[in-house]
Amino acid sequence: MIPFENSWPYDIVMGDIYVQQCPYCHASNVLLPLKPKELVLIREGKKKLLVFPCCNTSMTVIDNDSDYLLSSRPVRN
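Residues numbered from 1 in each chain as written. Predicted model: local features only at pLDDT ≥ 70, side-chain atom pairs only at ≥ 80, totals over all residues. Heavy atoms only, no water.

(A) Here's a closer look at unusual backbone geometry. Positive phi values are uncommon outside glycine, yet Asn29 reaches one of about 50°. Its place among the elements puts Asn29 in strand S4 (residues 28-31). Notably, Asn56 is not glycine yet its phi reads approximately 60°, a positive angle. Residue placement: Asn56 occurs in the loop between strand S5 (48-51) and strand S6 (58-64). (Helix = DSSP H or I, 4+ residues; strand = E, 2+ residues; numbered from the N terminus.)

(B) Fine view of the pairing of strand S3 (residues 16-21). Alignment of strand S2 (residues 11-13) against S3, held across three bridges, turns out to be antiparallel. Among the inter-strand pairings, Ile12 is bridged to a residue of S3, identified as Ile17. The hairpin turn running from S2 into S3, its antiparallel successor, is two residues long, and Met14 in that turn takes a positive phi close to 50°. Looking at chain direction, S3 and S4 are connected through three bridges and run antiparallel. Considered in S4, the bridge of Tyr18 is made with Leu31. In this antiparallel pair of consecutive strands, S3 and S4, the connection spans six residues, and His26 shows a positive phi of 65°. (Pairing = 2+ DSSP bridges.)

(C) View of the sheet that holds S6. With respect to topology, four strands assemble into an open sheet ordered S1-S7-S6-S5, the strand pairing being antiparallel. Unpaired on one side and paired on the other, strand S1 (7-9) and S5 mark the two borders of the sheet. For this sheet, the mean angle separating the axes of adjacent strands, direction not counted, is 45°. The pairing of S1 with strand S7 (residues 68-71) spans three bridges and is classified as antiparallel. Bridge assignment links Pro9 to a residue of S7, and that residue is Tyr68. Packed onto the sheet, helix H1 (residues 36-43) meets S5, S6 and S7 and runs at close to 70° relative to S6. (Axes fitted to C-alpha atoms, helices over the stretch in contact; angles between N-to-C directions. Contact = heavy atoms within 4.5 Å.)

By themselves, these are just geometric observations and shouldn't be taken as functional.
Here it is, written out as structure tokens:
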């Protein structure tokens, strides 16, 4: 079972991936430096270091589904 505290929701809008709020600095509508084709590679087992452009904080994405990114460490309080 995937721990909920390690997941963060995302949206794909016209080929760009956004999060409604940064889990670290709480900036809103953050465009991630990630493309939908990279999500497929992550689902297949490749890890991705994701750096949030708003605060330069990083998280390692180890898996994803159609709604959530799964981090290697907790991103929720």
